[in-house]
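Residue-level structural notes
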Amino acid sequence: MDESSSLDALADTLTRLSANSYSVDLHAQHIRLAKSMDDKDQLLVALEMAANYMATPDTIWLPLIDAKTAVSDTNTPEGTLEVLGVYSKAESDYMSFSILQKHLGFLVDRHEYFSGLEVEPDNLGELFSDNWTREAMSIVVSKGTGDISQSHVLWDQYYNWELEILEKASTDEKPLSVDVIEKILLARLQQPHANHQDTYQSYSSFTTAHKPASEYESLLISASKLRSRAIKAYEKREASEMALAAAGYSLDAYATYIAAEQRRKDPDHFILCGLYERGLAEASRRQFAGEPGAERAMQMFWVGYIDFVKSQGQSVEFWQRATRSVPGSGEVWARYIRFLERDQESEASKDDMDASKNEDIEAAYTRALSTTLFTRNRRSDPEIDADQIVPLVLARAGAEKRAVEAGHAGENNLATFIKVVEDGIAMVRQASNSGDPRFRLEKFLSEFYLSLADVPGAAVQLWASTAAHYRSSWAAWVAYTDVLIRTDHHDLTRKTFQDMSTKNLDYPEALWDAWHNFEHAHGSLSSLEEAISKITQARAQLETRRAREAEKAYAAAAAQYAEQQAASGAAVSILATGATQGSVPVVSEAMDVDFSVPADTKEKRKAEEEHPVTETSGSKKPRLETPPISLKRDRENCTVFVADLPSEATEADLKALFKDASCGDIRDVKFTRMPETLVATVEFYDRDSVPAALTKDKKRIHETEIGVHLAWRSTLYITNFPEKFDDTSIRDLFGQYGLIFDVRWPSKKFKATRRFCYLQYTSPSSAERALELHGRELEPDRAISVLISNPERKKERSDADANERELYVAGLSKFATKEDLRKVFETYGPIKEIRLAEDKSGQPKGFAFIDFESETDARAALAANNHELKNRRIAVTFTDSRVRAKNKEGTAETGLGRRADARNRSVRVRNIPSGTQEGLLHQLLEKHSIVKRTEIFAALNEAVVELENPAEAGKLLLRTEPIILDGNVLQFSEEQAGPFRGQPAAPPPVTGGMFVPRAAGSRPRAGLGRARRPGLGATQTPSNSDAQPPEHTGKKGQDDFRKMLG
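Residues numbered from 1 in each chain as written. Predicted model: local features only at pLDDT ≥ 70, side-chain atom pairs only at ≥ 80, totals over all residues. Heavy atoms only, no water.

The name recorded for the protein in an unreviewed UniProt entry is U4/U6 snRNA-associated-splicing factor PRP24, from Suillus subaureus. Taken directly from UniProt, the Subcellular location (unreviewed entry) text for the protein runs: "Nucleus". (UniProt positions renumbered as here; feature names shortened; annotations may be inferred.)

As structure tokens, this is what we get:
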């Protein structure tokens, strides 16, 4: 950005800041612009502006401290006090070890300077005397004791200074200094901290040097008893501290750590307060860095912190910090207003009737609104969360209402109350399109009108305006009719029911039920029958509309399910000779989505119903061999998910837990140590064991409450999200609802446009909360689909008829388009998809695939065979993967397709981390090149990636900067033409290529002419009549032994 553009951007940012001075995003943008302009003065202005309006992290304060130190004369008491004032302001915002260490260093330096002066300044007084410095340093150190992992850094710095003072002390001063250090050491031993053994050793050394030898043993025994509780407290949390560090001190890790502490029987006030302070400091740093979700985490931390310390008492400074830190949190402001209300009540109850030193409720409410974070002036402005406005307004109005009821109100309190609520309702409706679907302010004001004020007409008018604003909300109309009934407006109630019964409401059944109940209670026989008749008609219309919508939704879901089945049912590649024979890449089968399916689709897979057919040597008739019965594992229904485990939990703990419930035998237990917590999956032999296992939910292991639930209940099926979304985007969007255990992405080897994933939380409640995203438009006209996954639905659906619903159309003119094909084939039934094959230059290849929504329609469309389209006779048959393969050039030696140029645009990727998902690798490489397909060979920790063209492949091969996946640096090399050049290229596919369409019976070739000759080096594919059964790498059958015998 040039200087002129930077100045324009700076001016625009300052203009926006003048209207929205409490926006963290605008302040962060102001600071970034000032840095980019390399203008130190402007940068200081930006930093000071941010620090004046809100609490800021150490990244803002450290430059301000350095600037203040540079311009102040720290050799004078006045200049020193100015710098100390900046330190005090900085430390009042958030805990920062960088600032605290710097503060301690400044105190030590100035103490050394002033104590070394021969003539002290007249106005120095007690400033930087030993006692003053000791007290100042102890206050600084106390601000960091809550961080049990790092607090020793500050304490050691302070302790070393005390030892230096002891060494310099005179004979008369030493006893006092020894007593001070002993108290410091004993107090430190009682605080949980990481290096408690070093502290104990320091106490031992100090006692040896400065205490009588006869007292040594008794003093150490006493010290050991004092520190035992602190040691146990730290050891209980050591694993959590390590997990927090391993997670990079992420906000999710802090939230999990805090939740685990709160679940303890007796939460430790010292530990929890320290955790909240640490979490708030980290959230502030990430918020100013622009991390999504940081602001929400900050608000959650403050609400939890306030509620936790409520019983301990809250100071005015505490509330100043909270409102300065999250000025846009209505929950925090509401708690502050209620605190002021309690404070006023306690002051009023005192005999002396002293006025409170706190600000009054009206001033606090005005200050909250002055931030402009609760008002939305224009529709073009970002929406505001109504859940932040409603608590603030209710707290302010509630205080006024209680004052009126208690008789403490003045003349204007009633009018003030009504105005506060009405203005709040207007703010909520202006804040977002959805407003408040629970109508909390409307209900609050309506009850006041009906009960306390006795003005029912005002309540009717309120709900009439509410129903008019939320036109499609059944709840608004039912509330409106309820108040009409309560005020005896029965005719208007009936007319409202009649008018709204056929409207497109979000849940019309509720309105119909309310109408039905109203007529039973207040209507005549004729009005009741008329209502029933109209409801029946409206219900029929609604069911018809919903059936059409369900059909479309099912079609979309079935398409996604077909893709999933194609991925999980794809032919498993077998390694070539010399490359770990017999090992098969493990394909993890994802759960199915919880959709209702029409009864006529409930079929078993045909492949499961058919038995293998073999021929005897003496007869042409096939002989059926009954396969052995396999004991299929029902993992999804036999497995429970155990969350929130203590870090020291073992397999024996879980087995003992479920043994008490008589759950049956356990097949397998798998622990997963996440950065934030420890979870486990427990698989039983019998699904009947699961109900008993679920009764162990909320039980305790090592004094920690655990959660037990079926895994699929915490798993979401997510689809139709924006194309730009990747794993990080999904985790950022859904991470606000709870701790994410795993995100599973589909392979794109069959269809590059697949866009769905499975996301599993550690608790079902998180998944249920995340359902509120269902139907939300993340992009215009694109509503995301979020559903609970359910493995039971697998029995109701099958993709066995996929081949019977897909047709192959050949002999097409090069001028034929998708619309031409749609006009021909949509006469037979609804079409799901038309795929017109094109070559690399974009020219039609003369054939296409058409997917129908039903098998019946596809069979009927076979009648289009030999139909004339664009002066060409077309051939229509069912799809066959072998015929599709004949339309590809060359032979698949790498598993990437049969076109001869596939190898030229393919690269081999090595050093892939174990367990890597194909979808995640695909996402990573898409950021650097245009990727068409990806296949991972788990046994080799390698993958073959097909790019858009050779140039894109070259970009990866010639790339100098490393691409890292889960800590592994990926290695790229050219894909070889065969499997035996150097490292094994890839396992040869079982069925003619890696990216194979759905298998089906054979179909005839379309048109006349000679068959295309195979390319150079291609393997001749035998015809069906001459084809030999595939060779097996496992057990040999009877035919193999007959061949051996000759």
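Points about the pairing of strand β21 (residues 906–910)
Along β21, five of the five residues are buried, which leaves the element largely enclosed by surrounding structure. Burial along β21 is two-sided: the face carrying S906, R908 and R910 and the face carrying V907 and V909 are both buried. Of the pairings in the sheet, the one linking β21 to strand β26 (residues 971–974) comprises four bridges and is antiparallel in character. Looking at the pairing, V909 lines up with F972 of β26. (Buried < 20%, exposed > 50% of the residue type's maximum accessible area, 1.4 Å probe, protein only. Helix = DSSP H or I, 4+ residues; strand = E, 2+ residues; numbered from the N terminus. Pairing = 2+ DSSP bridges.)

Regarding the environment of A643
By the secondary structure assignment, A643 is in strand β3 (residues 639–645). Put simply, A643 and T681 are 38 residues apart on the chain and 8.8 Å apart in space, counted from C-alpha to C-alpha.

Describing the packing of aromatic side chains
A full pass over the atoms with the stated rule returns 36 aromatic pairs. Ring geometry for F417 versus F444: centroids 5.6 Å apart, planes at 70°, classification edge-to-face. A residue pair is termed long-range when its members are at least 10 positions apart, and F417 in helix α19 (residues 413–431) and F444 in helix α20 (residues 440–452) qualify at 27 residues. With centroids separated by 5.3 Å and ring planes inclined at 55°, the aromatic side chains of Y717 and Y758 adopt a geometry described as tilted. Remark: Y758 occurs in strand β11 (residues 756–761) and Y717 occurs in strand β9 (residues 715–719); sequence separation between them is 41 residues. Y758 sits in the buried class, given a relative accessible area of 2%. Taking the ring centre of Y200 as reference, the NZ or CZ of R227 above it sits at 4.0 Å. (Phe/Tyr/Trp six-rings, centres within 6.5 Å; stacked < 30°, edge-to-face > 60°. Lys NZ or Arg CZ within 6 Å of the ring centre and 35° of its normal.)

Details of the sheet that holds β3
With antiparallel pairing, the four strands of this open sheet are ordered in space as β4-β5-β3-β8. Unpaired on one side and paired on the other, β4 (666–673) and β8 (707–710) mark the two borders of the sheet. Strand after strand, the sheet turns through a mean of 20° between neighbouring axes, direction not considered. (Axes fitted to C-alpha atoms, helices over the stretch in contact; angles between N-to-C directions.)

Focus: the packing of helix α2 (residues 24–36) against helix α3 (residues 40–53)
Axis separation between α2 and α3 bottoms out at 8 Å; the angle between their running directions is 165°. Considering the angle they form, α2 stands roughly antiparallel to α3. Classified by chirality, the crossing of α3 by α2 is left-handed. Across the interface between the two elements, H27, H30, I31, A34 and K35 from α2 touch Q42, L43, A46, L47, M49, A50 and Y53 from α3. (Parallel < 35°, antiparallel > 145°, perpendicular 65-115°, else oblique. Left-handed = near helix turned anticlockwise from the far one by under 90°. Contact = heavy atoms within 4.5 Å.)

Description of the pairing of strand β23 (residues 942–947)
A regular strand places its side chains so that they alternate between the two faces of the sheet. Of all six residues that make up β23, six are buried, and the element is covered over most of its length. Here β21 runs beside β23; their pairing, made up of four bridges, is antiparallel. Counted as the bridge partner of V907 is V945 from β23. Counting the residues in the hairpin turn of strand β22 (residues 931–937) and β23 gives four residues, including N941, whose phi is positive at 55°.

Here we look at the packing of helix α9 (residues 174–189) against helix α10 (residues 196–210)
Contact pair α9 / α10: the axes reach a minimum separation of 10 Å and the direction vectors enclose 155°. By the criterion of interaxial angle, the relationship of α9 to α10 is roughly antiparallel. Considering the relative orientation of α9 and α10, their crossing is left-handed. Here α9 contributes V178, I181, E182, L185, L186, R188 and L189 to the contact with α10, which in turn contributes T199, Y200, S202, Y203, F206 and H210. Residues of the contact of α9 with α10, tallied by class, amount to eight nonpolar, three polar and two charged. (Nonpolar A, V, L, I, M, F, W, Y, C, P; charged D, E, K, R; others polar.)

Section: the side chain of T145
For T145, the location among the structural elements is in the loop between α7 (130–142) and α8 (151–168). Looking at T145, its side chain comes within polar contact range of the main-chain oxygen of S142, at 3.0 Å. In this view, T145 contacts S151, Q191 and F270; residues no more than four positions away in its chain are not counted. (Polar contact = N/O pair within 3.5 Å; in protein donor to acceptor, adjacent residues only side chain to side chain.)

A few points about the sheet that holds strand β17 (residues 844–852)
Pairing is antiparallel in the open sheet, where four strands are placed in the order β16-β17-β15-β20. Single-partner strands in this sheet number two, and they are β16 (831–838) and β20 (875–878). In this sheet, neighbouring strand axes are inclined to one another by 20° on average, regardless of whether the strands run parallel or antiparallel. Note: strand β15 (residues 806–810) against β20, four bridges, orientation antiparallel. Note on β20: the bridge partner recorded for A810 is A875. Here helix α32 (residues 818–825) sits on the sheet and contacts β15, β16, β17 and β20; the angle it forms with β16, its principal contact strand, is near 140°.

What to know about the pattern of salt bridges
A complete count under the given rule lists 51 salt bridges for this structure. Close ionic contact of E261 with R237 constitutes a salt bridge, the shortest N to O distance being 2.9 Å. Taken together, the residues E261 in helix α12 (residues 251–262) and R237 in helix α11 (residues 216–246) connect sequence positions 24 residues apart. Residues E261 and R237 agree in their burial class; the two are buried. Where D387 meets R438, a salt bridge forms, and the shortest distance between an N and an O atom there is 3.7 Å. Linking D387 in helix α18 (residues 386–406) with R438 in the loop between α19 and α20, this pair joins segments that are 51 residues apart in sequence. Accessibility expressed as a relative area gives 33% for D387, which makes it partly exposed. When salt bridges that share partners are traced, they join D58, E282, R285, R286 and E291 into one network. (Salt bridge = Lys/Arg side-chain N within 4 Å of Asp/Glu carboxyl O.)

Here we look at the nonpolar core
Generally speaking, a soluble globular protein has its nonpolar side chains buried in company with each other. Counting 92 residues, the largest nonpolar core has F301, W302, Y305, I389, L445 and Y480 as its most contacted members. Excluding its chain neighbours within four sequence positions, the residues that come into contact with W302 are L280, F318, R321, A322, S325, V326 and V332. (Core = buried A, V, L, I, M, F, W, Y, C linked by side-chain atoms within 4.5 Å.)

Observations regarding unusual backbone geometry
A positive phi angle, near 55°, is found at D38, a position not held by glycine. With respect to the helices and strands, the residue D38 is situated in the loop between α2 and α3. The exposure class of D38 is exposed, given its relative accessible area of 67%. In this structure, Y249 is a non-glycine residue whose phi angle is positive, near 55°.

What about helix α23 (residues 490–500)?
Side chains of residues three or four places apart in an α-helix project in the same direction, reflecting 3.6 residues per turn. Those residues of α23 that fall on the buried side of the exposure criterion are T493, R494, T496, F497 and M500. For α23, the angular spread of the buried residues around the axis is 160°, confining them to a single face. (Arc of directions from axis to C-beta.)

Some points on α32
For α32, the complete set of buried residues consists of D820, L821, V824 and F825. The arc that holds every buried residue of α32, seen down its axis, measures 115°, which confines them to one face. In this structure, the buried residues of α32 make contact with β15, β16, β17, α33 (855–861), β18 (868–869) and β20.

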